[in-house]
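As a plain string of letters, each chain reads:
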Amino acid sequence: MPLGKKNRPTSAQGKIETQKAPSILTETEPVRGTTGHSPLRQTRQRRHSYEVPSAGGSELGDDRTEKSPKPEWLERELLRQEHRRYSFALGDTKLITQQHNVRYPASSLSKLKIEQRVSLENLKKVKQAFEDFEKAGSRSLGLSQFRLIIRKCLGLRDISDAQIHELFMKIDYSGQGSVEWDEFCTYMQLEYTEKEESVIRSKQVAFALPASIKPLSHGEPILRIQPTPDGTIVTVREDGTVNYWSSKLQLRKSKSVFHERPIGRTPKWATDFTIMPQYNKLIIGTGDREIQLYELSSLEPYCQLNSLETVPLKLDYCYTGPDECVIVYGDVQGCVNIILMTSVGEMLRLWKKLPRVENVPSIGIDHAVQSPNLTYVRWKVHQDWVTEVKYFKSAPAVASTSNHEASALVIGCIFPSTNIEQQMREIKEVCREGKPKKVAFGLGSPQQRAACDQTVFPIYKGVMTFDICKIHNLLVTGGMDRLIRMWNPYVPGRPTGILKGHSAPIFYLHISTEDSRIFSVSTDNTARIWDIQDQSCLFAAHPKASLLHGDLSACLYSSAVKGLYIATDSLALLSLKTKAEPQGCFIMSHTEVVLCCGYSLEFRQVVSCTEGSVIKIWDVDTGNQVFEYGGAHGLSAITCMTFDPKGRRLVTGGRDGCLKIWNFNNGHCLKTLSRENGGAEICDCSYLQVHRNAFIISVGWDRRIDVYLDSPEDTHHVQRPQPSWQDDLRKGHKEDILCIAQCPPYLLATGSYDGEIIVWNLVSGHIQCRFLSPLPPHSEDAHFMDRSVLSLVFLRTRALDAAFSSAASLLSSGPQGHVHFWNVLNGGKFLASFKASRLQQQITKLAVTQDDCLLFAADHVGYIYVYDIKQCALTLEQKPPNTVNFWRAHISSITGLQIIENDRVLLTSSTDCTVRLWSIHGEFIGTFGQPERWSLYTESSWKHPAVPYEVLIDPLSMPSHCTLEGKLTMSDVLSSGSTGGTRTESESPNKVRHPLPSFSDREIEEEINSSFYPEHGKWLRHEIFKHANKTLNHGGPKAYHTLKYFDVADAPTTCEKPDLSLAGIDPFIASSVDEKPSGI
């Protein structure tokens, strides 16, 4: 090999050279017996790991530096290709200078997380690498060692250092700077487990139990349940009783269609029925070898096809084309009978004119087949009775089932194939056997299909029911062996899956294409729902819960009603529990009410918690969901949350009275904090540090402040609070504590339901000062007014500065949308108050910027108000702050409000099930969970200038207009066009709004008489109104019966517009012909 040449790593010799290192220790060389590293050793290790081996570019020791971020023009182009909006403003580059505060969010737009790209072989390599380090005396690995292991063992060439660092921080949730194999394995396992549970939770479905039951009169069992195009449910009993039901099982019509026979003759009985909706006919098969047709609307007999070969047991109908259809039935001899009809309407009308048999026009099958418009085909398919038959138009083919194992299910063609090879094979068989094979259709002995014309599914104990879905390419069968088999319709050899769970024979199966589910009912009245993809049972409705009793006779799943109709001794409806779907353009972040949200700066992720105890993690840079886990507090709602100072752990509080600490990136519950005997609902919590100790503080309905020590040395999973402060026990709150706020290093404020605010000294636990929220001026019914304090916030720049000792340093929410300013340093006193909510709605959340210049206030109906408080409440002067901005962010109460200073955006959540992101100026960026993702630093990817659709159409968001809000008369409205365009004093938007104008009938009549018609037009006015006051006569002819007819005269092609003002009936012209136009 020439000097200076290097082999490509894909060559054989190159591969051998790249794997000379027998262990990863040869590349990292950790110090034995300690996890620490000397500076010299670190330098040597770092120099060795960044050198390129002689083999040339091997991935084992190639510690690549992070790739440079994509330029913004490329990022915009990527978003353009992902169906973003196709217009980009020129100002998109003004925020590019802020990108030095983040770890290149654009670089992760097109990359999956490392956890999503790990295989089982990769995990084995990672485990071996950890074991090599452990043998060398280093049980835990630092970031540099972890980075080298990930690059070597996972073989991922396109991952960046930032991604590896992010994974390291997720595993090292405590911030110790090292990870172990157990921690790595636990993180991976729990993440995949929570993802699996999240998928299962998204597929959750259930029936509303018990079922809606409609009792039936004693009689014969129901044969079948069929829907009509208008949603009516049709049932037919064996004695010929036809019932029409509404979708909610309200009986609309009932009639016995069979002709009464004389005493002594066996009554006629029905075997099955189906519907011909295109011809408004009802088809009933009878035990007298007949197929009868009835009018679907009146149930009057129309005609019948009699003298069939055998009794039709199962019927099916399909409309195949214009005036063409197919009727298929299976009989007691195991034959499939196919009747193909053309010119159906004309042929049925001819049959109706034939002689009657038992008051029904009849034609024999032997005469009917002589018509050129009817083709009759009969195949011998099974060796037992046909249990079900269906015609599939797309094939076209007929599928039939029986309890005979060898021919349990057969899918066959209608006519024999014209395959030349098959015909030659049959001729050879005839010559060999010496017996001619008769191939003919029609009446007589049925023929068997050739093997190439049918697909046979041999199934143990046969098939009682089946269903086929073309979209999923799925065939499901069920029978006496209580198993549901899933098949590929083209592969009859073995099933693709078996669903076990029923303890009785399978009676009914249905594939719901839109939901990817299978509905099954067994003969013991048990209904189950299965997921097609997971092949798992989602829900089971047992008869004890559904209250279904009696022998099962018929079933039907209706996708329109989202329910399962079941006929036993009664008719029942098992409705699916459906969650409220967002209407129209509504976008929801959660399916439940969102009660709190927060932002982790460390991972640049948003966390939202719901009333259904579900926690979702979102990427703030794109709005995409990163992770989700549920059941965080069991069935209890999550009411509050906070992060530790490093942003790696999440603390949640719930209505179960517990606090829980989470590694929220994989749903691992690290600790549970609660009282000995449980506790009441927790309303708010906070994480704080006093000197070198870290504490978690919670408040709630137990009216006490619980303090928990957060120590890494405490390995107990369940932790109890520290003893309560003495002042809290003796002088604390008398009502439920609703909110908490802290101001390091030693101030803590709590607000309660009765309007009381207490400021505590964290070091001593003593009360520093206490206040009572004042009532608004000129308030009435003060005793019944809600004075609860829902939010508190400290102005930290003032609280820690002696120059502001007399200024307000604490803000609280008050009644009727007020915000109060308090001084807490000099004994505490009330300084100022102002009305923050223009609609006088209660303020639910408060937030201030880091420099305490801007106050963000959110109210109960979803409005956000921004006020400049820099010069507010510095003295006792009662000067309200200036309004900077306000907008409506949600349509209901805002439960979360946080300012993300580095990105200058605002995070909000609401009880309307949404979590949204806004710019600091109120520009709508997007709703978390929306289909289109955004780029935080590309303004053209934002939703702005659009607003949320539900906010746009909500009545409280509608703009006001002076004409609608002022009290005007009809003449003022009519004469508004003649007045000048100057705004009157009453039209000023700053005036108090008035209710909408209202007019009585007399006023309207007077205005019409005086304005629309001149005095000389009384005769015309009389002709118009002489019939206006006549009472309606609904029993007489309809309105169109009294219309008058006129001859249409030929009008010239050009005509002049009539002057309606001369007749005085044009309301847009002057009301009198005598008035002169202005200016003449």
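See the structure printed just above.
Bear in mind the structure is a predicted one, so any value in this text is a computation, not a measurement.

Novice: Which residues make up the environment of threonine 232, and what are the values?
Specialist: Here threonine 232 shows up in the loop between β2 (222-227) and β3 (233-237). Placed 18 residues apart in sequence, threonine 232 and glutamine 250 show a C-alpha to C-alpha distance of 9.9 Å. Sequence-distant contacts of threonine 232, defined by excluding residues within four places in its chain, comprise Gln226, Pro227, Tyr244, Trp245 and Arg252. A distance of 3.1 Å separates polar atoms of two side chains, one belonging to threonine 232 and the other to arginine 252.

Novice: Describe the packing of aromatic side chains, and please don't skip the residues or the numbers.
Specialist: Per the stated rule, a full pass over the model turns up 27 aromatic pairs. Pairing phenylalanine 627 with tyrosine 629 gives two aromatic rings, centres 6.0 Å apart and planes at 45°, and the pair type is tilted. Overall, the relative accessible area of 1% leaves tyrosine 629 in the buried class. An aromatic cluster is present here, built from Phe821, Phe834, Tyr863, Tyr865, Tyr867 and Phe886 joined pairwise through their rings. Lysine 268 extends its terminal NZ or CZ atom over the ring of phenylalanine 258, reaching a point 5.9 Å from the ring centre. Note that lysine 281 overlies the ring of tyrosine 302, its terminal NZ or CZ placed 4.3 Å from the centroid.

Novice: Let's hear about the environment of tyrosine 279: which residues, and what values?
Specialist: Following the sequence through the fold, tyrosine 279 ends up in the loop between β6 (270-276) and β7 (281-286). A residue is classified by how much of its surface remains accessible, and tyrosine 279, at 14% relative accessible area, is buried. Put simply, tyrosine 279 and tyrosine 319 are 40 residues apart on the chain and 9.8 Å apart in space, counted from C-alpha to C-alpha. Here tyrosine 279 is in contact with Tyr317, Tyr319, Asp323, Glu324, Val344 and Gly345, once residues within four sequence places are set aside.

Novice: Help me get a handle on a nonpolar patch on the surface, residues and values and all.
Specialist: On the surface, a cluster of nonpolar side chains totalling about 450 Å² of accessible area is made up of Val947, Tyr949, Leu952, Ile953 and Met958. Examined against the element boundaries, methionine 958 turns out to sit in the loop between α15 (949-953) and α16 (962-965). Here methionine 958 falls in the partly exposed class, since its relative accessible area comes to 47%.

Novice: Account for the sheet that holds strand β15 (residues 374-380), with residues named and values stated.
Specialist: A sheet is described by the order of its strands in space; here four strands give the open sequence β10-β11-β12-β15, paired in antiparallel fashion. Single-partner strands in this sheet number two, and they are β10 (312-321) and β15. Taking each pair of neighbouring strands and ignoring which way they run, the sheet shows an average axis angle of 15°. Bridge count for β10 against strand β11 (residues 324-331) is eight bridges, and the pairing is antiparallel. Within the sheet, the bridge partner assigned to proline 312 lies in β11 and is aspartate 331. This element, helix α9 (residues 344-352), spans β11, β12 (335-342) and β15 of the sheet and lies at about 100° to β12.

The rules behind each value
Residues numbered from 1 in each chain as written. Predicted model: local features only at pLDDT ≥ 70, side-chain atom pairs only at ≥ 80, totals over all residues. Heavy atoms only, no water. Helix = DSSP H or I, 4+ residues; strand = E, 2+ residues; numbered from the N terminus. Contact = heavy atoms within 4.5 Å. Polar contact = N/O pair within 3.5 Å; in protein donor to acceptor, adjacent residues only side chain to side chain. Phe/Tyr/Trp six-rings, centres within 6.5 Å; stacked < 30°, edge-to-face > 60°. Buried < 20%, exposed > 50% of the residue type's maximum accessible area, 1.4 Å probe, protein only. Lys NZ or Arg CZ within 6 Å of the ring centre and 35° of its normal. Patch = residues over 30% accessible without salt bridge, like charges linked within 9 Å, V, L, I, M, F, W, Y side chains within 5 Å. Areas by Shrake-Rupley, 256 points an atom, 1.4 Å probe, with all protein chains shown as cover. Salt bridge = Lys/Arg side-chain N within 4 Å of Asp/Glu carboxyl O. Pairing = 2+ DSSP bridges. Axes fitted to C-alpha atoms, helices over the stretch in contact; angles between N-to-C directions.

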